[in-house]
Structure formats: C-alpha cells, structure tokens
Amino acid sequence: LIAVAITWFTKTFLRFKLKTAQDLMDREGDGEVFRGASFLFVMAMTIGYVVVGGLLVMWEPVAAGSGIPEIKSLLNGIMMKRSMRIKTLFAKATGVVFAVSGGLPVGKEGPMIHTGAILGAGL
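Bear in mind the structure is a predicted one, so any value in this text is a computation, not a measurement.

(A) Main features of the environment of Y49. Note that Y49 resides in helix 2 (residues 37-59). With a relative accessible area of 7%, Y49 lands in the buried category. Counting along the chain gives 43 residues from Y49 to K92, while the straight-line C-alpha distance between them is 14 Å.

Following this line, the structure appears as structure tokens:
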C-alpha cells in the first residue's frame, strides 16, 4: 500500500510540474508571459522538491540512502539505532517521493526494501 502511495504521489507531483510547464510554454508562445517563465518554473519546482527531500533527511538522518545496509546488518544481528521507527518510515517514503519528483538519480527499489522491513518489524 505504501509503494502504491509513493508511486501515485510521485506521478502526481511530476504531472503537476510538467503540465504547468507546458501551459506556461503555450502562454509564452502567445506572449502572455515572459520568455523563460516555464524554465524558471521547472527549476523552482525541482529545487523545491529536492530541498524538501533534503530537509526530511536532516530531520531523520537514518532515512538517507537505500536502507539495504541497515536491513542486512539487522539480519546479521546488529541493531542500528532508529532504523526501524515510524519516523524513519515516514521520512524515507516521503523523501523518495520528493527525490524522484525532483529528478535526482535515485530509485524506489532500495527504500521499498527498508520500508517493507520497517512494516514487517512493526507486526
């Protein structure tokens, strides 16, 4: 369910950014807005998404990275502090949405493994 939510939010944020940029490009062609407005909008949204993702990692540093090393260490009997908390789950899932929407070269696969492990540990 969390994977579906992450995919849906990512698509929604990207659709908003690209549709608004397309509308601005159309308006640029008609002369309603200044040239470069669509570029500035895309850059502002991209930077905004990346900043939000970065702030989430500052809020919960364990949410940085894929999470696979944390799970491997847990399976080997080494419990890392704060790696299986709801706060980490929220920061990881939300951070992935903003990182992918911001265009960072990250994948959703590693964080999904960590997210699933947190949910499994909660059961």
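(B) The nonpolar core, seen in detail. Counting nine residues, the largest nonpolar core is built from A21, L24, V33, A37, F41, M45, Y49, L56 and F98. Those elements that place two or more of their residues in this core are helix 1 (2-30) and helix 2. Those residues in contact with V33, other than ones at most four positions away along the chain, are L24, R27 and E28.

(C) Inspection of the pattern of salt bridges at higher detail. Evaluation of the coordinates by the stated rule reveals four salt bridges. Between D23 and K19 there is a salt bridge; the shortest N-O distance is 3.7 Å. On the criterion of helical spacing, the pair formed by D23 and K19 is a turn pair, its members being four residues apart in helix 1. The class of D23 is partly exposed, set by a relative accessible area of 35%. Taking the shortest distance from any N to any O, the salt bridge between E60 and R82 comes out at 3.3 Å. Of this pair, E60 sits in the loop between helix 2 and helix 3 (68-75) while R82 is found in the loop between helix 3 and helix 4 (86-101), placing the two residues 22 residues apart along the sequence.

(D) Geometry of the layout of surface pockets. Roughly 270 Å³ of volume is contained in the largest pocket. Every element with two or more residues in the lining of the largest pocket is listed here: helix 2, helix 4 and helix 5 (109-122). Residue composition of the lining of the largest pocket, grouped by class: ten nonpolar, seven polar and one charged. In this structure, the second largest pocket is lined by I2, A5, I6, F9, F13, L89, F90, A93, T94, V97 and F98.

(E) A look at helix 1. Its 29 residues give helix 1 an end-to-end C-alpha distance of 42 Å, which sits within 8% of 42 Å, the value for a rise of 1.5 Å per residue. Taken together, the buried positions of helix 1 are I6, T10, K17, A21, L24 and E28. Where helix 1 is buried, its residues touch helix 2, helix 4 and helix 5. The positive-phi residue at the C-terminal boundary of helix 1 is G31, with phi of around 85°.

(F) Fine view of the packing of helix 4 against helix 5. Viewed as axis vectors pointing N to C, helix 4 and helix 5 meet at an angle of 155°, and their least axial separation amounts to 10 Å. When the interaxial angle is binned, helix 4 and helix 5 end up roughly antiparallel. The two elements helix 4 and helix 5 meet at a crossing, and its hand is left-handed. Facing helix 4, whose interface residues are T88, L89, K92 and V96, helix 5 presents P111, H114, T115, I118 and L119. Within the contact of helix 4 with helix 5, the residues separate by chemical class into five nonpolar, three polar and one charged.

Rules used in this analysis
Residues numbered from 1 in each chain as written. Predicted model: local features only at pLDDT ≥ 70, side-chain atom pairs only at ≥ 80, totals over all residues. Heavy atoms only, no water. Helix = DSSP H or I, 4+ residues; strand = E, 2+ residues; numbered from the N terminus. Buried < 20%, exposed > 50% of the residue type's maximum accessible area, 1.4 Å probe, protein only. Core = buried A, V, L, I, M, F, W, Y, C linked by side-chain atoms within 4.5 Å. Contact = heavy atoms within 4.5 Å. Salt bridge = Lys/Arg side-chain N within 4 Å of Asp/Glu carboxyl O. 1 Å grid on protein atoms, 1.4 Å probe; cavity = no way out; pocket = protein on both sides within 12 Å on 5 of 7 lines; lining within 4 Å. Points joined across faces, edges and corners; volume = space filled by probe spheres on them. Nonpolar A, V, L, I, M, F, W, Y, C, P; charged D, E, K, R; others polar. Expected span 1.5 Å × (residues − 1). Axes fitted to C-alpha atoms, helices over the stretch in contact; angles between N-to-C directions. Parallel < 35°, antiparallel > 145°, perpendicular 65-115°, else oblique. Left-handed = near helix turned anticlockwise from the far one by under 90°.

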